[in-house]
Amino acid sequence: MTTATLALPDMNNLSESGVDFVDEPYFESLLKHNAVPDPGRIREIIAKSKNKEALAVEETAALLNADEPELVEQIFDTARQLKKDVYGNRIVLFAPIYVGNYCVNDCAYCGFRRSNPESIRRTLTTNELHEQIRIMLAMGHKRTIAVFGEHMKYGPEVIANCVNEIYSVRYKNNSIRRININAAPLSHEGYRIVKEAGIGTYQVFQETYHHSTYARMHPKGTRKSNFMWRLDSPARAIESGCDDVGLGALIGLADWKFEVLSLVAHAAHLMKHYRVGPHTISFPRIRPASGVTIKEVAEHDVKDDDFLRLIAILRLSVPYTGMIVTAREPAALRKIALGFGISQIDAGGRIEIGGYVEAGDAQTQALEREQFELGDVRPLDEVVCQLLKDGYIPSFCTACYRLGRTGEVFMEHAIPGFIQNMCTPNALTTLQEYLTDFASPETKNAGEEMLKQEFDKIPDGHQKFEILDRIERIRNTDERDLYF
Ligand code: SAM
Ligand code: SF4
């Protein structure tokens, strides 16, 4: 990729604007003083979330402290119900494209950090980027997230250029239709530039909302050590027109319950000031990485049972926010997590720079070329097939942002249950595209079965006619991308 003309902002000149809503003493006291919550109160909170109302941090803290097995089970049941009511049985699929791993930061947990001599540094050339994307398209992907280290090589103009390049690639009748970004926080001007290029969501994970842990993980003097610049970045993105933002916390750095409260507070902060919550929340658990001694960074290692509670409680607290669980997690755990409210997963992804071409389908990973180790390396077709067998509709839908259903507009659609009327049809048409163009015979059979079941659920009428018409056109012609 070519070098940026608009480089990263000079950190010394950044005003520390924004509000630090992470009221650490208060959050900690909520967790401490609410240690044995009254079961009646928990039931009231559960009833509120069944009405799909977002929960306050105080209510979330009560759920986090509900340890009695019977209450925990009720929380899981409610999460399952909410997932069905808000998202139906769709799971949106994507794969990451790692563009470059030069990095000026020294985050203690990351294989790309600048002091790691083992990390093989590289930025894809334009031709290499095209080749990587062609392989993703040949698998059947239509959605990607482009990932970058933090470096002057990856200023907003470079990111925007990369987005344009990715959109330009074609493989037979397939192309990438939505590109999300996971990169360093940008200035207002930077966000305007990437928005202009047509990005979907801009993700910036806070990593940890716990101030002193944040300081320990991100050494002083590095760009990332500026807690407020990062905390305020989703707000800057929204102010600049990027109204689909993705929040996240790297789980294991600090107490997971504290991180959940902070994520809920962050969502509430955005809602209060911009009338739009985050589009997605991610909660990556720390994985082994090149040159990282996991025990030294993951002091608050989170066991699987607690990780699933974290997911279920977030589902209750922010019912309309998409939740992502990535291939960092092993397949068996992802399968359970899907039931508790996950709406998006990645599949068949390679996270070595150049990995789609150079590593191909090999299930071994080259740690010195990637940011961390993956837990689920199944190919896309295997994941699609398993989802179908487990009763989920794998969706490659990208309609919303292309029709301007983002940010506040997205919330307006989401709240009256609109999404299900558009998302399920779009999931079915994009599944049909996958089955016609890419699926193995086994996946095709499972997919046809799923389509039949789903058609039976749709009441007769105009919409059913429209859906069946599009499905037939995809099956019998070259027409694609027939979204609602
Ligand atoms: N360099 C950009 C930044 O830091 O914002 C892009 C992010 S990085 C390429 C993507 C995310 O991976 C990070 O925000 C962090 O949460 C996560 N990550 C880093 N090291 C990890 C590890 N060892 N295990 C799991 N996730 C990790
Ligand atoms: Fe660089 Fe991001 Fe890794 Fe930190 S997490 S070292 S900023 S790539």
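Residues numbered from 1 in each chain as written. Chains lettered and ligands numbered in written order. Predicted model: local features only at pLDDT ≥ 70, side-chain atom pairs only at ≥ 80, totals over all residues. Heavy atoms only, no water.

1. Section: the site of ligand 1
Not every one of the 20 residues close to ligand 1 is listed here, only the nearest: Tyr 109, Glu 207, Lys 224, Arg 230 and Arg 287. A distance of 2.5 Å separates an oxygen atom of ligand 1 from a polar side-chain atom of Glu 207. Most atoms of ligand 1, that is more than half of them, are within 2 Å of grid points of the largest cavity. When the residues that make up the shell around ligand 1 are grouped by side-chain class, the tally is 10 nonpolar, three polar and seven charged. (Near = heavy atom within 4 Å. Polar contact = N/O pair within 3.5 Å; in protein donor to acceptor, adjacent residues only side chain to side chain. 1 Å grid on protein atoms, 1.4 Å probe; cavity = no way out; pocket = protein on both sides within 12 Å on 5 of 7 lines; lining within 4 Å. Sits in = over half its atoms within 2 Å of the grid points. Nonpolar A, V, L, I, M, F, W, Y, C, P; charged D, E, K, R; others polar.)

2. Regarding the pairing of strand β1 (residues 90–100)
Buried residues dominate β1, accounting for 11 of its 11 residues. Relative to strand β9 (residues 393–395), β1 runs parallel, the two sharing three bridges. From the neighbouring strand, Arg 90 faces β9, where its bridge partner is Ile 393. As paired elements, β1 and strand β8 (residues 344–346) share three bridges and run parallel to each other. Counterpart to Phe 94 in the pairing with β8 is Asp 346. Inspection of the sheet shows β1 paired to strand β2 (residues 143–148) by five bridges, in the parallel sense. Residue pairing across strands places Gly 100 opposite Phe 148, the latter belonging to β2. Taking the sense of rotation as the criterion, the β-α-β connection linking β1, helix α5 (residues 126–139) and β2 turns out right-handed. (Buried < 20%, exposed > 50% of the residue type's maximum accessible area, 1.4 Å probe, protein only. Helix = DSSP H or I, 4+ residues; strand = E, 2+ residues; numbered from the N terminus. Pairing = 2+ DSSP bridges. Right-handed = clockwise from strand over helix to strand, strands pointing away.)

3. Focus on the nonpolar core
By size, the foremost hydrophobic cluster in this structure holds 144 residues, and its most contacted members are Ile 97, Tyr 202, Phe 283, Ile 311 and Leu 314. For this core, the element with the most residues is helix α11 (residues 256–274), which contributes nine residues. (Core = buried A, V, L, I, M, F, W, Y, C linked by side-chain atoms within 4.5 Å.)

4. A short note on the domain arrangement of the protein
A common measure of how large an interface is: the accessible area buried when the components associate. Each assigned domain of the protein is listed with its residue range as follows: domain 1 (11–21 + 87–413), domain 2 (27–83) and domain 3 (417–476). The distance between the C-alpha centroids of domain 1 and domain 2 comes to 27 Å. Domain 1 puts 30 residues into the contact, and the matching count from domain 2 is 26 residues. Here domain 1 packs against domain 2, burying approximately 2,300 Å² in sum over the two surfaces, 71% of which is carbon and sulfur. Per-residue buried area on domain 1 facing domain 2 is highest for Leu 261, Arg 309 and Leu 316; these three make up 31% of the total on that side. Summed over the shared surface of domain 1 and domain 2, the result is 11 residue pairs in polar contact (both at pLDDT 80 or more). Contributions of two or more residues to the side of domain 1 that touches domain 2 are made by β1, α11, α13 (304–317) and α14 (331–339). Looking at the side of domain 1 that touches domain 2 element by element, the count peaks at eight residues for α11. Here the residues of the side of domain 1 that touches domain 2 are counted per class, giving 19 nonpolar, six polar and five charged. (Domains from an automatic or database assignment. Contact = heavy atoms within 4.5 Å. Buried area = accessible area lost by both parts, 1.4 Å probe.)

5. Structural notes on helix α7 (residues 188–196)
Residues of α7 that are buried: Gly 190, Tyr 191, Ile 193 and Val 194. Here the buried residues of α7 occupy an arc of 160° about the axis, which is enough to place them on one side. Trailing α7 by a residue or two, Gly 198 shows a phi angle of about 90°, which is positive. (Arc of directions from axis to C-beta.)

6. Side note on the site of ligand 2
In the neighbourhood of ligand 2, the contacting residues comprise Cys 103, Asn 105, Cys 107, Tyr 109, Cys 110, Phe 112, Arg 113, Gly 149, Lys 224 and Gln 371. When atom positions are compared with the pocket grids, ligand 2 is found to occupy the largest cavity. Looking at the shell around ligand 2 residue by residue, the class counts come to five nonpolar, three polar and two charged.

7. Points about the layout of surface pockets
Size it by volume and the second largest pocket reaches roughly 340 Å³. In this structure, the second largest pocket is lined by 20 residues; those nearest its centre are Ala 54, Ala 267, Ala 268, Met 271 and Val 318. When residues of the lining of the second largest pocket are assigned to their parent elements, the largest contribution, six residues, is made by α11. For the lining of the second largest pocket, the residue count by class is 15 nonpolar, four polar and one charged. (Points joined across faces, edges and corners; volume = space filled by probe spheres on them.)

8. Details of the packing of helix α4 (residues 69–87) against α13
It is at 8 Å that the axes of α4 and α13 come closest, and there the two elements cross at 55°. Here α4 is positioned oblique relative to α13, judged by the angle of their axes. Both α4 and α13 take part in a crossing whose hand is left-handed. On the side of α4, the interface is formed by Val 72, Ile 75, Phe 76, Thr 78, Ala 79, Leu 82, Lys 83 and Tyr 87, while α13 contributes Leu 308, Arg 309, Ala 312, Ile 313, Arg 315 and Leu 316. (Axes fitted to C-alpha atoms, helices over the stretch in contact; angles between N-to-C directions. Parallel < 35°, antiparallel > 145°, perpendicular 65-115°, else oblique. Left-handed = near helix turned anticlockwise from the far one by under 90°.)

9. Observations regarding empty space enclosed by the protein
In the structure shown here, the tally under the stated rule is six cavities of 30 Å³ or more. For the largest cavity, the calculated volume is near 640 Å³. In terms of lining, the largest cavity is formed by 38 residues, of which the most central are Tyr 98, Val 147, Asn 182, Arg 328 and Gln 371. Mapped by element, the contributors of at least two residues to the lining of the largest cavity are β1 and β2. Tallied by class, the residues present in the lining of the largest cavity amount to 22 nonpolar, seven polar and nine charged. Its volume calculated, the second largest cavity comes out at about 70 Å³. Looking at the second largest cavity, the residues that line it are Phe 94, Ile 145, Asn 180, Thr 201, Gln 203, His 279, Thr 280, Ile 324 and Gln 344. Taken together, the residues of the lining of the second largest cavity sort by class into three nonpolar, six polar and no charged.

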